[in-house]
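Observations on the three-dimensional arrangement
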Amino acid sequence: MATAGKVIKCKAAVAWEPNKPLVMEEIEVAPPKANEVRIKIVATAVCHTDLYHLFESMHKDGFPAVLGHEGAGIVESVGPGVTEFKTGDKVIPLFISQCRECRFCKSPKTNQCEKGWAARHYDAMSVEDSRFTCKGKKVLQFMGTSTFSEYTVVNQVAVAKIDPAAPLDKVCLLGCAISTGYGAAVNTAKVEPDSTCAVFGLGAVGLAAVMGCKAAGAKRIIAVDINPEKAEKAKVFGATDFVNPKDHSKPISQVLSEMTDGGVDFSLECVGNVGVMRNALESCVKGWGVSVVVGWTDLYDFAARPIQLIAGRTWKGSLFGGFKSKDGVPQMVKGYLDKKVKLDEFITHNMTLAQVNDAIELMKQGKCIRTVLSVSPQ
């Protein structure tokens, strides 16, 4: 492309400070350095983790930044040493890297990687060494991706090349929520055929977890949410029951225990609330129940009575659904193209990048599952 090797001026939504609306700005995106890929973002979705950074954690070292981490695009140019990607490739930037060389990447037990932003900056969630500037100031890169921009630069260890037939305005969701929820059920919980499951929180991650439980062969999937409007949507993805904790005077764990003869085999917490995490654990059957923490948060301690675990329950966490990212995302894209993974059903709104604040407001009010923003024409 004619822009290769040059600074690109483009539009981006900049978070100048926490708890304030994003501002559409013209930014400069420098060319990729060694082992980096510059990507034209075609579509991106708004995820609750963007809101978490902006309104909840509000880390002082995390601003100004370009948010967004659930996107898809086309390679514009590559830096020295990049052989895996070429101009024109369809790609999904990844907030969890896979270098294939570190001890974590070489282990089948985990999808962690020592090379990514999270190894050093998980608290601030933003990286100083970005290729963005705006009005003479350095702008940070969020979660190593920053997809609320027409162009972004990402290290090649955090980019997945995908099938050229994939529609970018759909598969962008696989950059976070859908892979996270689906994989938490299939890879982390390892849901078994004919088992009973409960999924707490029916945003995109929770609905994807419901879909994963169904794919794994669960016979009963209880969807739990305080928003009654989520009931029908949950059934689309495979839920057999819907429970609203507000409809019951008893603790939700007791309600589920009574529904399931002592508790569910698997529970997944997809909210990011430490109280709900405890509820999910206590909803599991003793002896073999497995509860997985999926919702992202790092603000408070969680707690439970030791007897819950002594009695044989397992409490574990899941990051990006346990998928090794560069391997897992193309597999999920194939699953979508083969009609084994739903994506279209998650998308409730389509907007443009300039409407990002409207999309954030929809999510804050619980009025959307996923809003996809068109960023650049293909």
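Notes on the structure follow. Quick caveat, the model's predicted, so the values are computed rather than measured. Numbering of residues begins from 1 in every chain and follows the order in which that chain's sequence is written. For this predicted model, a pLDDT threshold of at least 70 governs which residues receive local features, and a threshold of 80 or more governs which side-chain atom pairs are given and counted, while totals over whole chains, interfaces and linings are taken from all residues. Calculated side-chain values reflect all of the structure's heavy atoms, with hydrogen atoms and water omitted.

Points about the environment of Cys284
The line we're drawing: A run of H or I in DSSP becomes a helix once it reaches four residues, and a run of E becomes a strand once it reaches two; helices and strands are each numbered from the N terminus. Here, residues are in contact when the closest pair of their heavy atoms is within 4.5 Å.
For Cys284, the position within the fold is in the loop between helix 9 (274–282) and strand 15 (290–293). Residues Cys284 and Lys233 lie 51 residues apart in sequence; the distance between their C-alpha atoms is 24 Å. Excluding residues within four positions of it along the chain, Cys284 makes contact with Gly262, Gly263, Val264, Ser267, Gly289, Val290, Ser291 and Arg313.

Let's talk about the packing of helix 5 (residues 177–189) against helix 6 (residues 204–215)
What counts here: The axes used here are C-alpha line fits, helices contributing only the stretch in contact, and every angle between their N-to-C directions lies in the interval 0 to 180 degrees. Comment on the angle field: the value is read as roughly parallel under 35 degrees, roughly antiparallel over 145, roughly perpendicular from 65 to 115, and oblique elsewhere. Crossing chirality is assigned from the near helix's rotation relative to the far helix, an anticlockwise turn below a right angle marking it left-handed and a clockwise turn marking it right-handed. Note on residue categories: nonpolar means Ala, Val, Leu, Ile, Met, Phe, Trp, Tyr, Cys or Pro, charged means Asp, Glu, Lys or Arg, and polar means any other residue, Gly included.
Where helix 5 meets helix 6, the closest approach of the two axes is 7 Å, and the angle between their N-to-C directions is 40 degrees. Classified by the interaxial angle, the pair formed by helix 5 and helix 6 is oblique. Pair helix 5 / helix 6 crosses with right-handed handedness. Contact with helix 5, carried on its side by Ala177, Ile178, Thr180, Gly181, Tyr182, Ala185 and Val186, involves Ala204, Val205, Ala208, Ala209, Met211, Gly212, Cys213 and Ala215 of helix 6 and no other residues of that element. Among the residues forming the contact of helix 5 with helix 6, the class breakdown is 12 nonpolar, 3 polar and no charged.

Observations concerning the side chain of Arg313
Condition: Accessibility here uses a 1.4 Å probe with only protein chains present; expressed as a share of the type maximum, an area under 20% marks a residue as buried, one over 50% as exposed, and anything in between as partly exposed. His residues and chain termini do not enter the charge count, which takes Lys and Arg as positive and Asp and Glu as negative. Put simply, a salt bridge is a Lys or Arg side-chain nitrogen that is within 4 Å of an Asp or Glu carboxyl oxygen. Polar contacts, as used here, are pairs of N or O atoms within 3.5 Å; protein pairs need one atom able to donate a hydrogen and one able to accept it. Residues neighboring in sequence count only if both atoms are side-chain atoms.
You can see Arg313 is positioned in the loop between helix 10 (306–310) and strand 16 (314–317). In this structure, Arg313 is buried with no salt-bridge partner, the nearest side chain bearing the opposite charge being Glu282 at 8.3 Å. Only 2.9 Å separates the side chain of Arg313 from the backbone oxygen of Cys284, close enough to count as a polar contact. Reaching out from Arg313, the side chain makes a polar contact with the backbone oxygen of Gln308 at a distance of 3.1 Å. Excluding residues within four positions of it along the chain, Arg313 makes contact with Leu281, Cys284, Val285, Lys286, Gly289, Ile307 and Gln308.

Some points on the pattern of salt bridges
Counted by the stated rule, this structure contains 16 salt bridges. The closest approach of N and O atoms between Arg220 and Asp241, which form a salt bridge, is 3.1 Å. Here Arg220, found in strand 12 (residues 220–224), pairs with Asp241, found in strand 13 (residues 241–243); they are 21 residues apart in sequence, far enough to count as distant. With relative accessibility at 18%, the residue Asp241 sits in the buried group. Across the pair Glu282 and Arg278 runs a salt bridge, and its minimum N-O distance is 2.8 Å. Of the two residues, Glu282 and Arg278 both sit in helix 9, 4 residues apart, roughly one turn of that helix. Since its relative accessible area comes to 22%, Glu282 is described here as partly exposed.

Some thoughts on the side chain of Thr152
Looking at where Thr152 falls in the secondary structure, it is placed in strand 9 (residues 151–155). There is a polar contact of 3.3 Å between the side chain of Thr152 and the side chain of Gln141. Of the polar contacts made by the side chain of Thr152, one reaches the backbone oxygen of Thr145; its length is 2.6 Å.

Comments concerning the environment of Pro108
Along the chain, Pro108 falls in the loop between helix 2 (103–106) and helix 3 (118–121). For Pro108, a relative accessible area of 79% translates into the label exposed. Along the chain, Pro108 and Thr49 lie 59 residues apart, while their C-alpha atoms are 27 Å from each other.

Topic: the environment of Ala311
Here Ala311 is to be found in the loop between helix 10 and strand 16. You can call Ala311 partly exposed: its relative accessible area is 29%. Each C-alpha atom of the pair Ala311 and Lys286 lies 5.7 Å from the other, and the pair is 25 residues apart in sequence. Setting aside chain neighbours within four positions, we find Ala311 in contact with Lys286 and Gly287.

Quick look at the sheet that holds strand 11 (residues 196–200)
To be explicit about the condition: When DSSP finds two or more bridges between two strands, those strands count as paired.
Spatial strand order, 13-12-11-14-15-16: 6 strands in an open sheet with parallel pairing. Single-partner strands in this sheet number two, and they are strand 13 and strand 16. On average, each strand axis in the sheet is inclined to that of its neighbour by 20 degrees, with strand direction left out of account. Here strand 12 runs beside strand 13; their pairing, made up of 3 bridges, is parallel. By the bridge assignment for strand 13, Ala223 is matched with Phe242. Along the sheet face, helix 5 touches strand 14 (266–269), strand 15 and strand 16 and points at about 135 degrees away from the line of strand 15.

Considerations on the pairing of strand 15
Counted only if it meets this: Classification remark: right-handed applies to a crossover when, strands pointing away from the viewer, the course from the first strand over the helix to the second runs clockwise.
Burial along strand 15 is two-sided: Val290 and Val292 and Ser291 and Val293, pointing in opposite directions, are all buried. Examined bridge by bridge, strand 14 and strand 15 share 4 bridges and lie parallel to one another. Opposite Phe266, over in strand 15, you have Val290 as the bridge partner. Handedness of the β-α-β unit built from strand 14, helix 9 and strand 15 comes out right-handed. One ladder, built from 4 bridges, connects strand 15 with strand 16; its direction is parallel. By the bridge assignment for strand 16, Val293 is matched with Gly317.

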